[in-house]
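Take a look at the letters that make up each chain.
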Amino acid sequence: MNKHKYILTVILISILFLKSSITFGNTNDSQSKLYMIVINNLSLEDINEMDFLKKMISDGSIGLMNPKGVSSYTNYEGFVTINSTDKVFGGKIVHYPLDILKKGNVIGQDINNYSSNFTIDNIIYNNENNLYNPNIGVIGDLLNSNNIESAVFDYSDTADTFIGMTGLIAMNKDGKINNILNFYNPYNDGDYSENIEKYYELIINKIDSIENTSDFVIIDTENLNNPIHTRLAILNRIDDFLNSIIKRVDRSRDRVIIISPNVKEGFDKGLTPAIIWGKDINKGLLYSDSTKREGIISNLDIAAEIVKNFNIYEDDFKNNGIENIDYKSNLNYINELNNKINKTSNLRIPILKIVIIIGFLLLILYLIFSLLVIENKYIISLLSYIVYILCLLPLVLIIGPIFNNNIYFILILLFSLLILFKFLNVKIQYIFSLIFIILIIDILNKNKLILFSVLGYDPIIGARYYGLGNEMAGILIFSMVMFSDMITEKNNKSLIMGIYFFTFLIVIFPQWGSNLGSGIAIFIMFLYLVYRDFKEKEYDKVIIKILLISLIIIFLVVIYILFLSTGESHITNFLSIIFSNGLKGSLSIFKRKVLVNIRLIGNSLWSKMFLITIPIMFYLINKFIKYKSLNKIDLTLFNSLIIGSIVGFLANDSGLLLSALINLYICNYIIYVTIVEGINKGSE
């Protein structure tokens, strides 16, 4: 009997121990927590007023985030894009029908069991024709499917938005959220200031209870631009709140993400600060494969980072989240980086407009004097100076970052080179050959000049963060042809084809140019050279040989990119879409590129340049061929340049920019030949 009691006791104790172990293993206590604190409209200047936040940065990681949706940096696009696989388009907001009159001002009112923050149908309707085809609500869907609960503290203080926008970050595809607390605090409430304190106290009091139910917690802070308090007072209050919250965070287990989904009020574009603090985060800079820039991330990186914290990975994401790169003076670095980016961005549009205006001026003057058959040495001299200015502008703008894009230095350098080159009568082929060599060296040297060149890409626009942008690609393609033209005196066709193929590799490889559309354009130009060479030698089955060479080259490049190249890139994303969706994916990408170019045709100065240069270019080409005795290599190179312009237009999202620049410089070159080199003088 005692033996049986002993056995029974051992069994009961074992069962209890096993039950305890199972229960402990499934409780949320062992699960790491992720806290996201939204301080909307926050700027780097604001951080200078927040001592505790600066302390977090000195112990964490900081970066600049591009908050842009499809069209805006300021509305709910920024919030929904965070919870999406691609950029979201905004429109008129329709709010969830919350009965304010019946519930009072809903202070402290918990709304549980899948409440909707905004009407999801309205958001989906606004994005039916979105070319990016975003999967909206991806964070909520992935967390729900993995049994991870989210909780949202949502704040609003304006009469037109009884419910704030923060819940958009946690909703699923149906617009539903696990747990949300809506806190409405209108300005005209006599207890407005007291209610703000209540809101923060409410969050602090509920954090402990939420820890047992929710692993992902989003906390909205108050409006930084309210008419009741100064911005400094608001920042200090938020800073104190951060101090209180962080005391309740287990750094050995949890992480905190602080973001601003919109730019500072009063600004129509810009980058916003993003901070990550907590487990495995050292003092440093944020980095993502989607930008490949230390200290710069995209709002599209946030969703991947959120689910990665819970060991969830999604193939639809274009990256694997955010990394932390150790860097001691991280805040100083980010301030300097932000200043450089803003300076380049502010110079970009005015300088590009100047380039376009100078191009228009040259074309119009030349046409007038050519059609009216006006012979005047002063007019010819004026045109020749404009030609040289257009040639030298890319050169000084490419090397401008060496001198911090100082506009006065750029102008001094431009006119100094103009006087020198004009006096020495330097051929423009040599100018563009120098540009070609500088660009190739810079691309191989991690784009240190291109990153901050006015002709490079703008991280604030967010279309591209690394590699070779379309404006610079247009300059590179034209420069490549001019460089090839310079060495045609050796009559070495193999060398010219080698230059084209080498440039193709530089442009298309993910580590260097990473520009698929421009790479395709250069590759087609290369095939044209091969075709002309085979045709002249009267080889049989020319087309079959060209196709065979093309397939071998493409196969080798794809193999390298897929299996030997590391990290995400535009090329790898394109190949992934092709392999996943086949012909349908290819047609979808091509459709997007065409529609983006059509949109640009109606909305940019480049479209006017593109449309004007086409008829003028063919008029000039006709005169060029008629009055200049071209050898076969010259004519082949010229034809390849026109082919590059056409393919570059079709194969790039913003190919219009590339094509417009190539067309402009084709016209510029023909005018140079007919005026500066003394052929035709523009009077025949």
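Residues numbered from 1 in each chain as written. Predicted model: local features only at pLDDT ≥ 70, side-chain atom pairs only at ≥ 80, totals over all residues. Heavy atoms only, no water.

Attention now goes to the overall build of the protein. Check the secondary structure of the protein and you find 22 helices and eleven strands. Within the protein, the proportion of its 684 residues that are buried is 55%. In the protein, 77% of the contacts between residues at least 6 apart in sequence involve partners at least 24 apart. Of the accessible surface of the protein, which amounts to about 30500 Å², a share of 59% is contributed by carbon and sulfur atoms. (Helix = DSSP H or I, 4+ residues; strand = E, 2+ residues; numbered from the N terminus. Buried < 20%, exposed > 50% of the residue type's maximum accessible area, 1.4 Å probe, protein only. Contact = heavy atoms within 4.5 Å. Areas by Shrake-Rupley, 256 points an atom, 1.4 Å probe, with all protein chains shown as cover.)

For the structure shown, the criterion picks out 20 aromatic pairs. Considering the side-chain rings of Phe183 and Tyr199, the 4.8 Å spacing of their centres and the 50 degrees angle between planes classify their relative orientation as tilted. Of this pair, Phe183 sits in strand β5 (residues 176-184) while Tyr199 sits in helix α8 (residues 192-210), and the two are 16 residues apart along the sequence. Residue Phe183 shares its accessibility class with Tyr199, and that shared class is buried. With 6.4 Å between their ring centres and 40 degrees between their planes, Phe638 and Tyr669 make a pair best called tilted. Taken as a pair, Phe638 in helix α21 (residues 632-651) and Tyr669 in helix α22 (residues 655-675) lie far apart in primary sequence, 31 residues in all. The exposure class of Tyr669 is buried, given its relative accessible area of 6%. In textbook terms, an aromatic cluster arises when at least three aromatic residues are bridged by ring pairs, as seen for Tyr155, Phe183, Tyr199, Tyr200 and Phe241. Above the face of the Phe452 ring, Lys340 is positioned so that its terminal group lies 5.2 Å from the ring centre. (Phe/Tyr/Trp six-rings, centres within 6.5 Å; stacked < 30°, edge-to-face > 60°. Lys NZ or Arg CZ within 6 Å of the ring centre and 35° of its normal.)

Our focus in this paragraph is the pattern of salt bridges. Any two side chains of opposite charge can pair, given that their charged atoms come close. For the structure on display, the rule yields twelve salt bridges. Residue Glu194 pairs with Lys198 through a salt bridge whose shortest N-O separation is 4.0 Å. Of this pair, Glu194 and Lys198 both sit in helix α8, separated by four residues, roughly a single helical turn. By relative accessible area, which is 41% here, Lys198 ends up partly exposed. Its salt-bridge partner being Glu265, residue Arg231 comes within 2.2 Å of it at the nearest N-O pair. (Salt bridge = Lys/Arg side-chain N within 4 Å of Asp/Glu carboxyl O.)

Once that is clear, we can look at the side chain of Asn470. Mapped onto the elements, Asn470 comes out in helix α15 (residues 470-486). Ignoring anything within four residues of it in the chain, the contact list for Asn470 reads Asn515, Ser518, Asn652, Ser654, Gly655 and Leu658.

Glancing now at the pairing of strand β1 (residues 34-38). Of all the five residues making up β1, five are buried; the element is thus mostly covered by neighbouring parts of the structure. By the alternation rule, side chains of β1 split into Leu34, Met36 and Val38 and Tyr35 and Ile37, which are all buried. Examined bridge by bridge, β1 and strand β6 (residues 216-220) share five bridges and lie parallel to one another. Along β6, the bridge assignment pairs Leu34 with Phe216. One ladder, built from five bridges, connects β1 with strand β7 (residues 255-259); its direction is parallel. The residue bridging Val38 from the neighbouring strand is Ile259, located in β7. (Pairing = 2+ DSSP bridges.)

Next up on the list: α8. Between its terminal C-alpha atoms α8 stretches 26 Å, which fits the 27 Å expected from 19 residues at 1.5 Å a residue. Restricting attention to buried positions, one finds in α8 the residues Tyr192, Asn195, Ile196, Tyr199, Tyr200, Ile203, Ile204, Ile207 and Ile210. Among the structural elements, β1, β4 (150-156), β5, β6 and α9 (231-246) are those in contact with the buried residues of α8. (Expected span 1.5 Å × (residues − 1).)

It is worth spelling out unusual backbone geometry at this point. The backbone phi angle of Asn133 is positive, close to 50 degrees, even though this residue is not glycine. Structurally, Asn133 can be placed in the loop between α6 (120-126) and α7 (138-145). A relative accessible area of 64% places Asn133 in the exposed class. Despite not being glycine, Asn311 has its phi angle at roughly 60 degrees, a positive value. Following the sequence through the fold, Asn311 ends up in the loop between α10 (300-308) and β11 (323-326). The class for Asn311 is exposed, based on a relative accessible area of 66%.

Let us now look at the packing of α21 against α22. For the pair α21 and α22, the least separation of the axes is 7 Å and the interaxial angle reads 155 degrees. One element, α21, and the other, α22, form an angle in the roughly antiparallel class. As for the relative orientation of α21 and α22, their crossing is left-handed in sense. Contacts between α21 and α22 involve Phe638, Leu641, Ile642, Gly644, Ser645, Gly648 and Phe649 on the former and, on the latter, Gly655, Leu656, Leu658, Ser659, Ile662, Asn663, Ile666, Tyr669 and Ile670. (Axes fitted to C-alpha atoms, helices over the stretch in contact; angles between N-to-C directions. Parallel < 35°, antiparallel > 145°, perpendicular 65-115°, else oblique. Left-handed = near helix turned anticlockwise from the far one by under 90°.)

We now examine the packing of helix α3 (residues 51-58) against α9. Viewed as axis vectors pointing N to C, α3 and α9 meet at an angle of 50 degrees, and their least axial separation amounts to 7 Å. It follows from the interaxial angle that α3 and α9 lie oblique. Across the interface between the two elements, Asp51, Phe52, Leu53 and Met56 of α3 pack against Asp239, Leu242, Asn243 and Ile246 of α9. Class assignment of the residues belonging to the contact of α3 with α9 gives a composition of five nonpolar, one polar and two charged. (Nonpolar A, V, L, I, M, F, W, Y, C, P; charged D, E, K, R; others polar.)

Positionally, Ser150 belongs in strand β4. Given the relative accessible area of 3%, Ser150 is considered buried. Each residue touching Ser150, except ones within four places of it in the same chain, is listed here: Ala170, Ile177, Asn178, Asn179, Ser214 and Phe216.

To continue, consider a nonpolar patch on the surface. Where nonpolar side chains cluster on the molecular surface, the patch consists of Leu548, Ile552, Phe555, Leu556 and Ile559 and spans about 490 Å² of accessible area. In this structure, Phe555 sits in helix α18 (residues 542-564). According to the relative accessible area criterion, Phe555 is exposed, its value standing at 53%. (Patch = residues over 30% accessible without salt bridge, like charges linked within 9 Å, V, L, I, M, F, W, Y side chains within 5 Å.)

Here the focus is the pairing of strand β8 (residues 272-278). Of all the seven residues making up β8, seven are buried; the element is thus mostly covered by neighbouring parts of the structure. Because side chains alternate across β8, one face comprises the buried residues Thr272, Ala274, Ile276 and Gly278, and the other comprises Pro273, Ile275 and Trp277, equally buried. Sheet analysis places strand β2 (residues 61-66) next to β8, joined by five bridges and oriented antiparallel. From the neighbouring strand, Gly63 faces β8, where its bridge partner is Ala274. Inspection of the sheet shows β7 paired to β8 by four bridges, in the antiparallel sense. Bridge assignment links Ile258 to a residue of β8, and that residue is Ile275.

Here the focus is the environment of Phe409. Inspection of the secondary structure puts Phe409 in helix α13 (residues 407-424). Residue Phe409 is classed as partly exposed on the basis of its relative accessible area of 29%. Sequence separation of Phe409 and Val396 is 13 residues, and the distance between their C-alpha atoms is 9.4 Å.

Take the confidence of the model for the protein next. Overall, the predicted model of the protein reaches an average pLDDT of 82, with 79% of residues at or above 70. Long-range and interchain partners of residues 679-684, a stretch whose pLDDT sits below 50, account for 19 contacts in this model, where long-range means more than four residues apart. (pLDDT = per-residue confidence, 0-100.)

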